[in-house]
There are 2 protein chains.
Amino acid sequence: MSDEKWFVEHFDSAGTAFGLRLKARLEAVQTEYQHIEMWDTDTFGYLMTIDGATMVTSRDNFLYHEMMSHPVLFSHPDPKRVVIIGGGDCGTLREVLRHPGVEQATQIDIDEMVTRLSEKYFPELCESNNDPRAELLFIDGVKWMRECDAGSIDVIIVDSTDPVGPAEGLFKADFFRDCHRVLRDGGIIVQQSESPLLHSVSIIRDLHVNMREAGFTSTQTLPFPQPCYPSGWWSCTMAGKGTDVTRFREKDAAAKPFETQYYTADIHRGALTLPPFMKKALS
Amino acid sequence: MSDEKWFVEHFDSAGTAFGLRLKARLEAVQTEYQHIEMWDTDTFGYLMTIDGATMVTSRDNFLYHEMMSHPVLFSHPDPKRVVIIGGGDCGTLREVLRHPGVEQATQIDIDEMVTRLSEKYFPELCESNNDPRAELLFIDGVKWMRECDAGSIDVIIVDSTDPVGPAEGLFKADFFRDCHRVLRDGGIIVQQSESPLLHSVSIIRDLHVNMREAGFTSTQTLPFPQPCYPSGWWSCTMAGKGTDVTRFREKDAAAKPFETQYYTADIHRGALTLPPFMKKALS
């Protein structure tokens, strides 16, 4: 049980650590933006880390990817044009393209190497990359959003890393103001929003404030399990442009024409119910 | 960030690890049964470990204790006599005694030192130990159950450690047969049942089989978050003696005369909804 055989990430701000037993390190690549490593683990399949932080594993990514895509898409009445900021592993893109009504899904990750490594180690997440509705861009998503036409997008999914370093701007009111402008009326944005236990009175609360400051009229956090992230409990936060994100197309979700491992209409309804300690933190 | 300042538990069978940053180790006691340590952590308050395994922390125990007590008590029509097997930290006992209808709650943990250390470091969990309805026994719970009168108990809560070593018997059909005999008609047992992600096709599935083999007619697993346990996602499994444990007193739960941090009627209803991968594993 020596430490050489484990990848252990110490989450300094949370004071918690998470680890996986390793078979081997497979890749270590320094890109213009970050240090990406690929690992083969004993029980979680492949693991991608960026700058030492756990990003995605074969075994448990379905929780995150399903919850970053299906709740927001079933909350919008008819999402046709979807933009994913970040999400270079392509798992969110795959889930988005399961919705037959989606006409275009644009994934904008600044670092192409994330996608190239994902194609190699997580081919299941990349199975829709060649879908004619998919567009993969490797540019700065914040800049793209600033320059995008007003009222041209139905759903924005911010599938980012933690709000420190490169992704910090993706949690700020300035960015959300651009997103608000770019969304059509009735459009919805969803942002990954960290741990309900660790961040309800900090990052999650600030996120709601920043989203409302940017003009969004309704905001809602949905918790879900995510073992490989700090505390094993994660969340996404939706914000609607003149639409109520606490409501969703329940019948369509219950009759969805694709399989999932975690998401169902019932799970969605359950996730809209916050425990009292979170309600208090966000009130 | 040296390892001396972290408690890191390597879950060998799961291939995962969980850690907390430490201020200090406060106690180390070898009892007749096990090695108990108390730690002061940076961000989770006090931590109790037994034989190196994380048992309870100040910060996140409310999730586990509320979900081990309120779902089962609101599933029973009128629970008067409750028995807790294990649960020496007294947190489950406290939650049980919040229900005004409970006339007697007997906690049976083999190791008195667990309760003595909990009184010292988790006084909030022990605040109902002197309730006249509370009975604390420090004896073998399996033997107690074997000798208990038939049809004398309404609810049994098995608040045990993992099904290896001393607690292994608490997951077996023999023990559940004793519990079935001891319960009144309409009685319910609940057992902590490990991680939905890691154990659905092993421990949880076996538990359902063993409970039904012992005569229980209805079984149901409820997932909930629990950061300090493997994968951060945990569960309890209920089994009813001639009663349907997928139903509960929703109105009473919604109007409960006490506050909680996690449990609500809506959370209970949500927890009854299993994700597709679990349904498949348990079908």
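Scoring rules and cut-offs
Residues numbered from 1 in each chain as written. Chains lettered and ligands numbered in written order. Predicted model: local features only at pLDDT ≥ 70, side-chain atom pairs only at ≥ 80, totals over all residues. Heavy atoms only, no water. Phe/Tyr/Trp six-rings, centres within 6.5 Å; stacked < 30°, edge-to-face > 60°. Helix = DSSP H or I, 4+ residues; strand = E, 2+ residues; numbered from the N terminus. Buried < 20%, exposed > 50% of the residue type's maximum accessible area, 1.4 Å probe, protein only. Lys NZ or Arg CZ within 6 Å of the ring centre and 35° of its normal. Contact = heavy atoms within 4.5 Å. Core = buried A, V, L, I, M, F, W, Y, C linked by side-chain atoms within 4.5 Å. Axes fitted to C-alpha atoms, helices over the stretch in contact; angles between N-to-C directions. Parallel < 35°, antiparallel > 145°, perpendicular 65-115°, else oblique. Left-handed = near helix turned anticlockwise from the far one by under 90°. Expected span 1.5 Å × (residues − 1). Bend = angle between axes of the 7 residues up to and from the residue. Polar contact = N/O pair within 3.5 Å; in protein donor to acceptor, adjacent residues only side chain to side chain. Pairing = 2+ DSSP bridges. 1 Å grid on protein atoms, 1.4 Å probe; cavity = no way out; pocket = protein on both sides within 12 Å on 5 of 7 lines; lining within 4 Å. Points joined across faces, edges and corners; volume = space filled by probe spheres on them. Domains from an automatic or database assignment. UniProt positions renumbered as here; feature names shortened; annotations may be inferred. Least-squares fit on C-alpha atoms with pLDDT ≥ 70 in both. Buried area = accessible area lost by both parts, 1.4 Å probe. Salt bridge = Lys/Arg side-chain N within 4 Å of Asp/Glu carboxyl O. Nonpolar A, V, L, I, M, F, W, Y, C, P; charged D, E, K, R; others polar.

Describing the packing of aromatic side chains
What the rule picks out here adds up to 22 aromatic pairs over all chains. Between Phe 7 of chain A and Trp 39 of chain A the ring centres are 5.5 Å apart and the planes differ by 45°, which places this aromatic pair in the tilted class. Highlighted residues: Phe 7 of chain A in strand β1 (residues 6-11) and Trp 39 of chain A in strand β3 (residues 35-41), separated in sequence by 32 residues. The two residues Phe 7 of chain A and Trp 39 of chain A agree in class, both being buried. Within the aromatic cluster, the residues linked to one another by ring pairs are Phe 62 and Tyr 262 of chain A together with Trp 233 and Phe 277 of chain B. Directly above the ring of Trp 39 of chain B sits Arg 25 of chain B, whose terminal nitrogen or CZ lies 5.9 Å from the centroid.

As for the side chain of Ser 231 of chain A
Locating Ser 231 of chain A in the fold gives a position in the loop between β11 (218-225) and β12 (233-240). Excluding anything up to four places from it in sequence, Ser 231 of chain A contacts Ser 195 and Leu 198 of chain A together with Pro 227 and Gly 232 of chain B.

Notes on the nonpolar core
Within the largest apolar cluster, 106 residues are counted, with the highest numbers of intra-cluster contacts made by Ile 157 of chain A together with Ile 157 of chain B. Counting 24 residues, the second-largest nonpolar core is a separate cluster that includes Ile 156, Ala 167, Leu 170 and Cys 179 of chain B.

Notes on the packing of helix α5 (residues 173-182) of chain B against helix α6 (residues 196-213) of chain B
Residue and element names in this part refer to chain B. α6 packs onto α5 with a crossing angle of 45° between their chain directions and a minimal axis gap of 8 Å. By the angle class used here, α5 and α6 are oblique. Handedness of the α5/α6 crossing: right-handed. Of the residues in α6, those in contact with Ala 173, Phe 176 and Arg 177 of α5 are Leu 207, Asn 210, Met 211 and Glu 213.

Comments concerning α6 of chain B
In this model, α6 of chain B (18 residues) spans only 22 Å end to end at C-alpha, well below the 26 Å of a helix rising 1.5 Å per residue. The largest bend in α6 of chain B is about 45°, located at Ser 202 of chain B. Among the residues of α6 of chain B, those classed as buried are Pro 196, Leu 197, Leu 198, His 199, Ser 200, Ile 203, Ile 204, Leu 207, His 208, Asn 210 and Met 211 of chain B. Elements that come into contact with the buried residues of α6 of chain B comprise α1 (61-75) of chain A together with α5, β10 (183-192), β11 (218-225), β12 (233-240) and α9 (276-282) of chain B. The N-terminus of α6 of chain B is capped by Ser 195 of chain B, whose side-chain oxygen sits 3.2 Å from the backbone nitrogen of Leu 197 of chain B. Within two residues after α6 of chain B, Gly 215 of chain B carries a phi angle of roughly 110°, on the positive side.

Observations concerning the sheet that holds strand β6 (residues 81-86) of chain B
All names here are of chain B. Taken in spatial order, the seven strands line up as β8-β7-β6-β9-β10-β12-β11 in an open sheet, and their pairing is mixed. Edge positions in the sheet fall to β8 (134-137) and β11, since each has one partner strand and no second. Taken pair by pair, the neighbouring strands of this sheet meet at an average axis angle of 15°, ignoring direction. Where β10 meets β12, five bridges bridge the pair, whose relative direction is antiparallel. Within β12, the residue paired with Ile 189 across the bridge is Ala 239. Seen against the sheet, α5 touches β6, β9 (153-159) and β10 and runs at an angle of roughly 145° to β10.

Examining the pairing of strand β5 (residues 53-57) of chain A
A regular strand places its side chains on the two faces of the sheet in alternate fashion. Residue and element names in this part refer to chain A. β5 sits mainly inside the fold: five of its five residues count as buried. Bridge analysis of strand β4 (residues 46-50) against β5 gives four bridges, and the strand direction is antiparallel. From the neighbouring strand, Met 48 faces β5, where its bridge partner is Val 56. Between β4 and β5, which pair antiparallel one after the other, the connecting turn spans two residues, and Asp 51 there sits at a positive phi close to 50°.

Some thoughts on the layout of surface pockets
Considering only enclosed or pocket space, the largest pocket measures out at about 1,100 Å³ in volume. In terms of lining residues, the largest pocket is bounded by 46 residues, among which Met 55, Ser 160, Thr 161, Asp 162 and Ala 167 of chain B are the most central. Only β1 (6-11), β4 (46-50), β5 (53-57), α1 (61-75), β6, α4 (141-147) and α6 of chain B provide two or more residues apiece to the lining of the largest pocket. Structurally, the lining of the largest pocket is a two-domain feature, drawing no fewer than three residues from each of domain 1 (6-57) and domain 2 (61-282) of chain B. Taken together, 44 residues make up the lining of the second largest pocket; nearest its centre are Gln 34, Met 55, Ser 160, Thr 161 and Ala 167 of chain A.

Considering the UniProt feature "active site" (unreviewed entry) in chain A
All names here are of chain A. Sequence positions flagged by UniProt for "active site" (unreviewed entry) are, in local numbering, Asp 159. With respect to the secondary-structure elements, Asp 159 resides in strand β9 (residues 153-159). With a relative accessible area of 8%, Asp 159 lands in the buried category. In this view, Asp 159 contacts Tyr 64, His 65, Met 68, Ile 84, Ile 85, Gly 86, Gly 87 and Thr 92; residues no more than four positions away in its chain are not counted.

Focus: the relation of the copies chain B and chain A
When chain B is fitted to chain A, the residual RMSD is 0.0 Å, and the transformation amounts to a turn of 180° plus an axial shift of 0.0 Å. On the angle and the small slide along the axis, the relation comes out as a two-fold axis. When the interface residues of chain B are mapped onto chain A, 100% of them again lie at the interface, so the same face is used by both copies.

Some details on the interface of chain B and chain A
If you look at the interface, chain B gives 40 residues, while chain A gives 40 residues. For the pair chain B and chain A, the summed buried surface comes to about 3,300 Å²; carbon and sulfur atoms form 65% of the total. At the boundary of chain B with chain A, the tally comes to two salt bridges. Among the ionic pairs, Arg 21 of chain B bridges to Asp 12 of chain A, the shortest N-O distance being 3.7 Å. Summed over the shared surface of chain B and chain A, the number is twelve residue pairs in polar contact (both at pLDDT 80 or more). Elements with a contribution of two residues or more to the side of chain B that touches chain A: β1, β2 (16-30), α1, α6, α8 (265-271) and α9 of chain B. Sort the elements by how many residues they give to the side of chain B that touches chain A and β2 of chain B lands first, with six residues. Among the residues forming the side of chain B that touches chain A, the class breakdown is 22 nonpolar, twelve polar and six charged. As defined by bridge partners, strand β2 (residues 16-30) of chain A adjoins β2 of chain B across five bridges and the pair is classed as antiparallel.

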